[in-house]
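# Inside the fold
One-letter residues, chain by chain:
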Amino acid sequence: MNKIAFLFPGQGSQAVGMGQDLFQEYDFVREIFNAADDIAGSPISRYCFQGPMETLTETVNLQPAVTAVNLACLTAIQRAGIACSLSAGHSLGEYSALTSAGVASMGDTLRLVFKRGELMHRESLKHKGAMSAIVGLDIETVAELVKGGRQTGVVSVANHNSEQQIVITGSPEAVTAVSEAAKSKGARAIPLKVSGAWHSNLVKGAEDEFTAFLDTLQFNKPGNTIIHNVTADSCNDGEAIKRLMALQLCSPVRWYDTIRRMMAEAVTVFVEVGPGKVLTGLLKKIIPADYAYAAFTVSNLKTLENLVSEIL
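These notes cover the structure that comes with them. It should be emphasised that the depicted structure is a prediction, and the values quoted were computed from it without experimental measurement.

## So, the packing of helix H7 (residues 106–126) against helix H10 (residues 207–214)
Two elements in contact, H7 and H10, have axes whose closest approach is 10 Å; the angle formed by their N-to-C orientations is 165 degrees. For the element pair H7 / H10, the angle class is roughly antiparallel. For the pair H7 and H10, the sense of crossing is right-handed. Seen from H7, the contacting residues are Arg111, Leu112, Lys115, Arg116, Leu119 and Arg122; seen from H10, they are Glu209, Phe210, Phe213 and Leu214. Each residue belonging to the contact of H7 with H10 can be placed in one class, and the counts come to five nonpolar, no polar and five charged.

## Some details on the pairing of strand S8 (residues 269–273)
With five of five residues buried, S8 is to be regarded as a mostly interior element. Residues Val269, Val271 and Val273 of S8 are buried on one face, and the alternating residues Phe270 and Glu272, pointing to the opposite face, are buried as well. Across four bridges, strand S1 (residues 4–8) lies against S8 in parallel orientation. Of the residues in S8, the one forming a bridge with alanine 5 is phenylalanine 270. Where S8 lies against strand S9 (residues 294–298), five bridges are found, and the strand directions are parallel. By the bridge assignment for S9, valine 271 is matched with phenylalanine 296. Regarding topology, helix H13 (residues 278–286) serves as the crossover connection from S8 to the parallel S9, and that connection is right-handed.

## Observations concerning the packing of aromatic side chains
Applying the stated criterion across every chain yields a total of six aromatic pairs. Ring centres 5.8 Å apart and planes at 85 degrees place the aromatic pair phenylalanine 270 and tyrosine 293 in the edge-to-face group. Of this pair, phenylalanine 270 sits in strand S8 while tyrosine 293 sits in the loop between H13 and S9; the two residues are 23 residues apart in sequence, bridging distant segments of the chain. The class of phenylalanine 270 is buried, set by a relative accessible area of 1%. Aromatic rings pair up to connect Phe23, Phe33 and Phe49 into one cluster.

## Focus on a nonpolar patch on the surface
Taken together, the side chains of Ile190, Leu192 and Val194 present a nonpolar region at the surface, about 190 Å² in accessible area. The topology assignment puts leucine 192 in the loop between strand S6 (188–191) and H10. Judged by relative accessible area, which is 33%, leucine 192 ranks as partly exposed.

## So, unusual backbone geometry
Look at the link from glycine 51 to proline 52: it is a cis peptide, with omega at 0 degrees. At serine 91, a position not held by glycine, the phi torsion is positive, near 55 degrees. With respect to the helices, strands and loops of the structure, serine 91 is situated in the loop between strand S2 (86–89) and helix H6 (94–100). Overall, serine 91 belongs to the buried group, its relative accessible area being 12%. Non-glycine residue alanine 232 carries a positive phi angle of around 55 degrees. Its location among the elements puts alanine 232 in the loop between strand S7 (225–226) and helix H11 (238–248). Classification of alanine 232 by relative accessible area gives buried; the value is 9%.

Conventions and cut-offs
- The residue numbers shown here count from 1 along each chain, following its written sequence.
- Reporting in this predicted model follows two pLDDT cut-offs: at least 70 for local features of residues, and 80 or more for side-chain atom pairs to be given and counted; totals over whole chains, interfaces and linings ignore these cut-offs and use all residues.
- Excluded from the side-chain calculations are hydrogens and water; all other atoms, namely the structure's heavy atoms, are used.
- Only the stretch in contact is used when fitting a helix axis, every axis being a line fitted to C-alpha atoms; angles between N-to-C directions are given from 0 to 180 degrees.
- To qualify as a helix, a DSSP run of H or I must reach at least 4 residues; to qualify as a strand, a run of E must reach at least 2; elements of each kind are numbered from the N terminus.
- Angle categories: roughly parallel below 35 degrees, roughly antiparallel above 145, roughly perpendicular from 65 to 115, and oblique for all the rest.
- Throughout, a crossing is termed right-handed when the near helix is turned clockwise from the far one, and left-handed when it is turned anticlockwise from it by less than a right angle.
- The contact criterion used is simple: two residues touch if any of their non-hydrogen atoms lie within 4.5 Å.
- All residues other than Ala, Val, Leu, Ile, Met, Phe, Trp, Tyr, Cys, Pro, Asp, Glu, Lys and Arg, Gly among them, are scored as polar; the first ten of these are nonpolar and the last four charged.
- Burial classes: relative accessible area under 20% of the type maximum marks a residue as buried, over 50% as exposed, and values in between as partly exposed (1.4 Å probe, protein chains only).
- By this definition, two strands are paired if DSSP reports at least two bridges between them.
- With strands facing away from the observer, any crossover in which the path from the first strand over the helix to the second runs clockwise is taken as right-handed.
- Stacked, edge-to-face and tilted labels apply to pairs of Phe, Tyr and Trp rings (six-membered ring for Trp) whose centres lie within 6.5 Å, assigned for plane angles under 30 degrees, over 60, and everything in between, in that order.
- Nonpolar side chains (Val, Leu, Ile, Met, Phe, Trp, Tyr) are joined into patches within 5 Å and like charges within 9 Å, using only residues with over 30% relative accessible area and no salt bridge.
- The method behind every accessible area is Shrake-Rupley, applied with a 1.4 Å probe, and residues are considered shielded solely by the protein chains displayed.
- The rule for a salt bridge is simple: a side-chain nitrogen of Lys or Arg has to be within 4 Å of a carboxyl oxygen of Asp or Glu.

By themselves, these observations are geometric and do not establish any function.
Here is the structure:
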């Protein structure tokens, strides 16, 4: 019997047109997008389907937009009769995993990501930030470079995406200094188009308010295993998961360790649930050639039908 994991993408996976054919096909998807519009108080569904890209990618719009598409794809998969044993989400995507595992209701998940987007946007206006992908060095080497870069300003690891793809985050001058140091060691440093230093102490001003908002919501014991960004481990207590989600704002996303953990749990089918193919691409970098697995993406009707025909 195949063990299935659902993987939920985050910021950077968006595209104009995402979710539109599912919206046209299913009443339950229209309900999800209507809820996102109501909670955000803005036409999130229109930004998803028509753009413009510039408006869609504003953090305050993007977080509920990507989450709405993730949840639409998730619900379509579940209604087709496919369930997962494990789930995880990349940064923002972790909130969709909470719904997948029954920890948070769909409405509360949309409320959370809208609040998170608002707070992150606010902090990004207070503190100019930058992010850069370092390709070609391992985590220990990058961590040492980051330590040295702190003489220049705030800088830390944001995402450990694959063994040698690590995103750094912080003040522009410190990120530039670490990027230059990485290049001197033979790595590539690719500046990312972001509006803030996500997963760094430059957004720490959002943490207390976000924690207080989390405490107003009901979190249940997960119905299936979530591997969390902060720990690359599971947690069975709803209140403890709230603490992890608060910490996630300023902590590194341990994606490489998350996928290795899923391999240790003998997952053989990975389904990227939501727009894009970023996480499927990372699987190819993380999973060794001798580990047998299948990977699927579900972002529209065609890819949903493909998954159903292969799995059921």
